[in-house]
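Architecture and fold: a report
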Amino acid sequence: MKRATLRKLKEWLIERAILLSGVFSIVFVVLIFLFLLREGLALFRGESVLDFLLGKSWYPISSPPRFGILPLILGSLLVTLGAAAISVPIGIAAALFIAEIAPRRLKEALKAGIELLAAIPSVVIGFIGMITLGPWIKNVFHVPTGLTALTGSVTLAFMAMPTIVSIAEDAITAVPRQYREAAIAMGATKWQTTWRIVARAARPGMVAAVMLGIGRVIGETMAVMMVTGNAAIIPKSILQPVRTLTATIAAEMGESVQGGAHYSALFAIGIVLFVITFLINGMADLYLHRSRK
Amino acid sequence: MNPRLSQKIAFSILFLATLLVVVPVLAILAIIVAKGGSAISFSFLFTMPRDGMTAGGIFPAILGTLYLVGGAIVFAVPLGVMAAIYLVEYSSDNRLSRLVKLAIVNLAGVPSVVYGLFGLGIFVTFLGFGASILSGSLTLGIMILPVIITSAREALESVPHSFRLVSLSLGASRWQTIRHSVLPHALPGILTGTILGLGRAAGETAPILFTVAAFYLPRLPQSIFDQTMALPYHLYVISTQVPGIAESVRYGTALVLLALVLLLNLAAIVLRSRFRRKKKW
């Protein structure tokens, strides 16, 4: 009798622990946001939110310091759009090839290859981009430095590709077989079926894939810091050095004084990043749910 | 246009696009192996750096990364697996479980540098752990939590419902059923996710920038409250912050990091495919 009660108590404890662990994910998201606010909001005692978001100059260590992050937002935007322009068409095309055309063996090999690409640490990709792509861009476009927004876009395109390919491939594979059979039975070629039927049916999943890929690019830090040249100015061309939101945090946190305005400003950038990626991921999740229905 | 011809053209374009994704991966691997291979030696792997990192080995960085990854796993695996058990075995499809799933999606999407800020704010400053292995491990652990939860969930969901019914019908309690009839079958899948998480934690730099990583520390950490060097941060430092480092040392460091991460991932891929093939239900 006593052993049974003991067992019941043990199970009760375990089940509480499991329930608690389940809720921990929510706790962490909330905690991350709270701690960003805690350290970042101090900036807005002396600075208006509008000046922060739309200010054209980022001079954190001049006196008086200027904390306008518009150049950083535009830098992130430019690099991200460039990366999306490269990775979206290539990624979707590769996903169609892998899901619909490649024979089984090749398909498995390609999927493993893409998983490996996803696994390469961003600092390694940044390192390679810096010493191979940078000099190449410098020579081809005759620009003073090879570390430009374009270099960042190409580098980041490779980091977005695994996300886009694997999620789009899942969406394409999930299209019911009857769709393909009906199209083929109507006399469509395999390509017509793939492009007009399957790709169309998989569209919500593809949108989600693109959004998650873009989310990855916006949040990417080390590679982008190593290849974009880090100049916090409003970019006029894609062949200029730029500085992104993420790179600013990573590069400047070490030299800021804890609790100072610069420190708070970097956390405030963190808030901006958190909100952007939260929205992108939330929307991508909605699309994914729609595609599953 | 002739539909056969347009099909040929379209398939060729798709194939080319696929090559554009895969060939650079192979090129990156080939370049790093070719240029870094010559740097790898016993003394490179197992001695301290000397003369401002221009000479000597990278032992403290390798060891530091192993400590950090170990710490992250100790923290994230129990929590992640229990969260997955909650989602698969206990929660019904209600509001709370929807919210948990949404939180996991968002945790997976939070930029790594924001994890770094969070770690700095909560572990280094608020809880007073300082820049230490403990702070770095906890930060990395929270970062890989979504990876672990997602793969553990998949593993648990792949165990047939009938296994649970049989166990329950024999009078086992809910926890006994999970412990003896579900978890053993999900174990390979959970292990796969754990290894993937290890690989991710080993390669990340941004979360450890402000929470643990030391620029140049030619001794081994003594406790979990010490700072340490780490491989990815070391590669960043010697390739951008310190001039005059021999190219082969940079490539060699990149090779060691890449080998560590890719071997972990390869192990996970092999384990997963063997598990899938062996499955009898």
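Residues numbered from 1 in each chain as written. Chains lettered and ligands numbered in written order. Predicted model: local features only at pLDDT ≥ 70, side-chain atom pairs only at ≥ 80, totals over all residues. Heavy atoms only, no water.

Our next topic: the overall build of chain A. When you go through chain A residue by residue, the secondary structure sums to twelve helices and two strands. Counting from the amino terminus, helix and strand elements in chain A follow one another as α-α-β-β-α-α-α-α-α-α-α-α-α-α. Projected onto the principal axes, the alpha-carbon positions of chain A cover approximately 80 × 70 × 35 Å. Here chain A, with 293 residues, has 54% of them falling under the buried criterion. (Helix = DSSP H or I, 4+ residues; strand = E, 2+ residues; numbered from the N terminus. Buried < 20%, exposed > 50% of the residue type's maximum accessible area, 1.4 Å probe, protein only.)

This paragraph deals with the overall build of chain B. Within chain B, the secondary structure is distributed over eleven helices and two strands. Overall, chain B shows an N-to-C arrangement of helices and strands of α-α-β-β-α-α-α-α-α-α-α-α-α. In chain B, which comprises 281 residues, the proportion classed as buried is 55%. Only carbon and sulfur atoms are counted for the fraction: they give 66% of the accessible area of chain B, which is about 12,100 Å². Across chain B, 21 positive and 8 negative side-chain charges occur, with their mean positions spaced 11 Å apart. (Areas by Shrake-Rupley, 256 points an atom, 1.4 Å probe, with all protein chains shown as cover. Lys, Arg positive; Asp, Glu negative; His and termini not counted. Charge placed at Lys NZ, Arg CZ, Asp CG, Glu CD.)

Our next topic: the packing of aromatic side chains. This model, assessed by the stated rule, comprises 19 aromatic pairs over all chains. Considering the side-chain rings of Phe28(A) and Phe75(B), the 6.5 Å spacing of their centres and the 65° angle between planes classify their relative orientation as edge-to-face. In this pair, Phe28(A) sits in helix H1 (residues 2–40) while Phe75(B) sits in helix H3 (residues 59–90), so the two residues belong to two different chains. An angle of 40° between the planes, with centres 4.9 Å apart, marks the rings of Phe42(B) and Phe46(B) as tilted. Of this pair, Phe42(B) and Phe46(B) are both found in helix H2 (residues 42–46), four residues apart, which corresponds to roughly one turn of the helix. Note on Phe42(B): relative accessible area 63%, which makes it exposed. (Phe/Tyr/Trp six-rings, centres within 6.5 Å; stacked < 30°, edge-to-face > 60°.)

With that settled, the discussion passes to the side chain of Thr277(A). Relative to the helices and strands, Thr277(A) resides in helix H12 (residues 261–292). A polar contact is formed between the side chain of Thr277(A) and the backbone oxygen of Phe274(A), at a distance of 3.2 Å. Not counting the four nearest positions on each side in its chain, Thr277(A) is found in contact with Gly215(A), Asn106(B), Gly109(B), Val110(B) and Pro111(B). (Polar contact = N/O pair within 3.5 Å; in protein donor to acceptor, adjacent residues only side chain to side chain. Contact = heavy atoms within 4.5 Å.)

Let us look at the nonpolar core. Judged by nonpolar contacts, the single largest core of 183 residues is most densely connected at Ile269(A) and Ile32(B). Of all the elements, H3(B) adds the most residues to this core, at 16 residues. Leave out the neighbours within four places in its chain, and Ile269(A) touches Phe52(A), Trp58(A), Ile69(A), Leu72(A), Leu245(A), Thr248(A) and Ile249(A). (Core = buried A, V, L, I, M, F, W, Y, C linked by side-chain atoms within 4.5 Å.)

Accessible area lost upon the coming together of the parts serves often as the stated size of an interface. Chain B puts 77 residues into the contact, and the matching count from chain A is 72 residues. Carbon and sulfur atoms supply 81% of the area that chain B and chain A bury against each other, a total of about 6,700 Å² over both sides. Sorting the residues of chain B by area buried against chain A places Leu14(B), Val21(B) and Leu117(B) first, and these three jointly supply 9% of that buried surface. Taken together, chain B and chain A are joined by one salt bridge. (Buried area = accessible area lost by both parts, 1.4 Å probe. Salt bridge = Lys/Arg side-chain N within 4 Å of Asp/Glu carboxyl O.)

Take the environment of Leu279(A) next. Within the fold, Leu279(A) resides in helix H12. Residues Leu279(A) and Gly215(A) lie 64 residues apart in sequence; the distance between their C-alpha atoms is 9.4 Å.

For the rest of this paragraph, the subject is a nonpolar patch on the surface. Nonpolar side chains collect at one region of the surface, where Leu106(A), Phe15(B), Leu16(B), Leu19(B) and Val23(B) lie side by side and expose about 400 Å² of accessible area between them. Note that Leu16(B) resides in helix H1 (residues 3–36). According to the relative accessible area criterion, Leu16(B) is exposed, its value standing at 53%. (Patch = residues over 30% accessible without salt bridge, like charges linked within 9 Å, V, L, I, M, F, W, Y side chains within 5 Å.)

All names here are of chain A. In the Ramachandran plot, His142 falls in the positive-phi region, its phi being about 50° despite a non-glycine side chain. Note on placement: His142 falls in the loop between helix H5 (122–141) and helix H6 (149–173). For His142, a relative accessible area of 70% gives the class exposed. The phi torsion at Asn230 lies on the positive side, around 55°, for a residue other than glycine. Structurally, Asn230 can be placed in the loop between helix H10 (222–227) and helix H11 (245–252).

What follows is about helix H5 (residues 112–126) of chain B. Residue and element names in this part refer to chain B. Under the 1.5 Å per step criterion, the end-to-end length of H5 is 20 Å for 15 residues, consistent within 8% with the ideal 21 Å. The largest bend along H5 reaches roughly 30° and is located at Gly119. Most of H5 is tucked away: 13 of the 15 residues are buried. (Expected span 1.5 Å × (residues − 1). Bend = angle between axes of the 7 residues up to and from the residue.)

A word on the pattern of salt bridges. All names here are of chain A. Taken as a whole and assessed by the stated rule, the structure comprises ten salt bridges over all chains. Close ionic contact of Arg180 with Glu100 constitutes a salt bridge, the shortest N to O distance being 2.8 Å. Taken together, the residues Arg180 in helix H7 (residues 177–185) and Glu100 in helix H3 (residues 70–101) connect sequence positions 80 residues apart. For the pair Arg180 and Glu100, a shared accessibility class is recorded, and that class is buried. For the salt bridge of Lys111 with Glu169, the shortest nitrogen-to-oxygen distance reads 3.4 Å. Here Glu169 lies in helix H6 and Lys111 lies in helix H4 (residues 104–119), a separation of 58 residues in the sequence.

The next thing to look at is the side chain of Thr155(A). All names here are of chain A. Structurally, the position occupied by Thr155 is in helix H6. Taking the relative accessible area as the measure of exposure, Thr155 reaches 4% and is therefore buried. Discounting chain neighbours no more than four positions away, the residues touching Thr155 are Ile125, Gly129, Leu133, Ala223 and Val227.

For the rest of this paragraph, the subject is the packing of H5(B) against helix H6 (residues 133–157) of chain B. Axis angle and axis distance: for two packed helices, these are the angle between their axes and the distance between the axes, and together they describe the pair. All names here are of chain B. It is at 9 Å that the axes of H5 and H6 come closest, and there the two elements cross at 135°. Comparing the axis directions of H5 and H6 gives the class oblique. In this structure, H5 crosses over H6, and the sense of that crossing is right-handed. In this structure, H5 uses Ser112, Tyr115, Gly116, Phe118, Gly119, Phe123 and Val124 to contact H6, whose residues at the interface are Ser135, Leu138, Thr139, Ile142 and Met143. In terms of residue class, the contact of H5 with H6 is made up of seven nonpolar, five polar and no charged. (Axes fitted to C-alpha atoms, helices over the stretch in contact; angles between N-to-C directions. Parallel < 35°, antiparallel > 145°, perpendicular 65-115°, else oblique. Left-handed = near helix turned anticlockwise from the far one by under 90°. Nonpolar A, V, L, I, M, F, W, Y, C, P; charged D, E, K, R; others polar.)

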